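The lines below spell out each chain.
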Amino acid sequence: MSTSLAYHTQGINGFQHHSFQFSDGKVIQRLKRKEFRCPKCSHCSVNTYPCRTRRIQGLPYGRMPVYFKVELHRIYCPVCQNLTMEELPFLSHSKARITKALERTIIELRPEMTIHAISKYFHLDWRVVKACEKRYLKRKFKHVKLKHVKYIGIDEIAIGHTETGKTAYWTIVRDLDSGSVLHVVPGKDGAALRDFLIRLRNSKAKIEVVAMDMGKAFICWVKENLPSAQIVFDHFHVIKLMNEKVDLVRRRIAAKLDAEERAILKNQRFLLLRNEEDLNSEARVYLSKIKQTFQELADVHMMKEALRSIYSVAQNVSQAEDALLRWVKAALQIQSDQLHKMAKTILQHWDGILGFWHFGNLTNAAMEGFNNKVRTMLRQAYGYRDLEYMRLKIFNLPENNIKIII
């Protein structure tokens, strides 16, 4: 019965129950191997020499922790003259201190429970729980398939700081069709994508579209290494850049005002950046007051809203192209250096901006949402000291539903 129990609950096969011991609220079950065979030639006539006893934790019986005591042997085969150390088949690796069954249970519980909760429930050190998950994730994401990937999104995310105090950036590449993570690496330039390019070429993947922001490093990398791929600049990043221009105008104007006039613009940054339709009646009245007082801010804000409307009104490439040309022409006629810069930026990135309509309103919003999930994961963990573990967790993030309970 005890041998069957170990087999059906713990997956231990080839061993026989010898005895039970109950000590300090723990179950200690002693096991003996039924027969010995040479691991090289499988011959059964071998000489065995006991060398040490191992204690391995398994799944609990009820609420009691279970430990298995197994005597390890050196095995000598006179047939092939091979001398080896006995291996335990119910362990994931030779130095494991828990059974495969317990490891599998930890992996199944990990998406629902914290490392601390699992370690407390199974009476394990938290490092053991983390090591189990890390080994599992390494196996899972050892080979990320790229062969059938066509649409990818590239973005960088700020993750903590470097040892010198500078902001640390990581580059994330995702498949826009499936949402899976294809590449995660420190850095935010073309060098961060060197290994990804090697994998792309080895897989013979044919990338058709790359969605990204308007960072020069990634644009140059795509043009140099993926010349047949179409670059698409997400409308989120275009509007974000326009919002930055609005804020720069606000700051420049505020810096030239005296204290009394500056009070009108004080703490009104988001009033100018928020979508006009999202403002309440009180905010709209105050926005109207700002626009009546500062003509350049009124012009820039009007152009910002006009640019937003192009994305909601234009139905195809032709309509978008006509609307953007009119917008650029109007922007260049207004006396505002920031509007002039924005107009030139749109002209410089013309094909990529129109790519939004070329590919059926293709958006990189999923990447921005995924970056928020990464930040949430980092906040929940209070940061990661093990960067390789963090990298593997980012790979696994699309399969996890992060829940914040208030």
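This text gives an overview of the structure that appears in the document. Predicted model, so just to flag it, every value in this text is computed and none were measured.

Regarding the sheet that holds strand E10 (residues 230–233)
The five strands lie next to each other as E8-E7-E6-E9-E10, forming an open sheet whose pairing is mixed. In the strand order of this sheet, the two ends are held by strand E8 (181–186) and E10, each with one partner. Across the sheet, the axes of successive neighbouring strands diverge by a mean angle of 25°, strand direction being ignored. Note: strand E9 (residues 209–212) against E10, four bridges, orientation parallel. Residue pairing in the sheet places Val209 in a bridge with Gln230 of E10.

So, the packing of helix H4 (residues 126–140) against helix H16 (residues 387–396)
At a minimum axis distance of 10 Å, the contact between H4 and H16 shows a crossing angle of 60°. As far as their axial angle goes, H16 and H4 are oblique. H4 and H16 meet at a crossing whose hand is left-handed. Facing Lys130, Glu133, Lys134, Leu137, Lys138 and Lys140 of H4, the residues of H16 in contact are Glu388, Tyr389, Leu392, Lys393 and Asn396. Residues that form the contact of H4 with H16 fall into these classes: three nonpolar, one polar and seven charged.

Details of unusual backbone geometry
For Asp24, which is not glycine, the phi torsion reads 55° and is therefore positive. Relative to the elements of secondary structure, Asp24 occurs in the loop between strand E1 (15–23) and strand E2 (26–33). Its identity as a non-glycine residue notwithstanding, Gln81 has a phi of 55°, on the positive side. Mapped onto the elements, Gln81 comes out in the loop between strand E4 (64–77) and strand E5 (82–85).

Thresholds applied
Residues numbered from 1 in each chain as written. Predicted model: local features only at pLDDT ≥ 70, side-chain atom pairs only at ≥ 80, totals over all residues. Heavy atoms only, no water. Pairing = 2+ DSSP bridges. Helix = DSSP H or I, 4+ residues; strand = E, 2+ residues; numbered from the N terminus. Axes fitted to C-alpha atoms, helices over the stretch in contact; angles between N-to-C directions. Parallel < 35°, antiparallel > 145°, perpendicular 65-115°, else oblique. Left-handed = near helix turned anticlockwise from the far one by under 90°. Contact = heavy atoms within 4.5 Å. Nonpolar A, V, L, I, M, F, W, Y, C, P; charged D, E, K, R; others polar.

Don't take any of this as a statement about function, it's just geometry.
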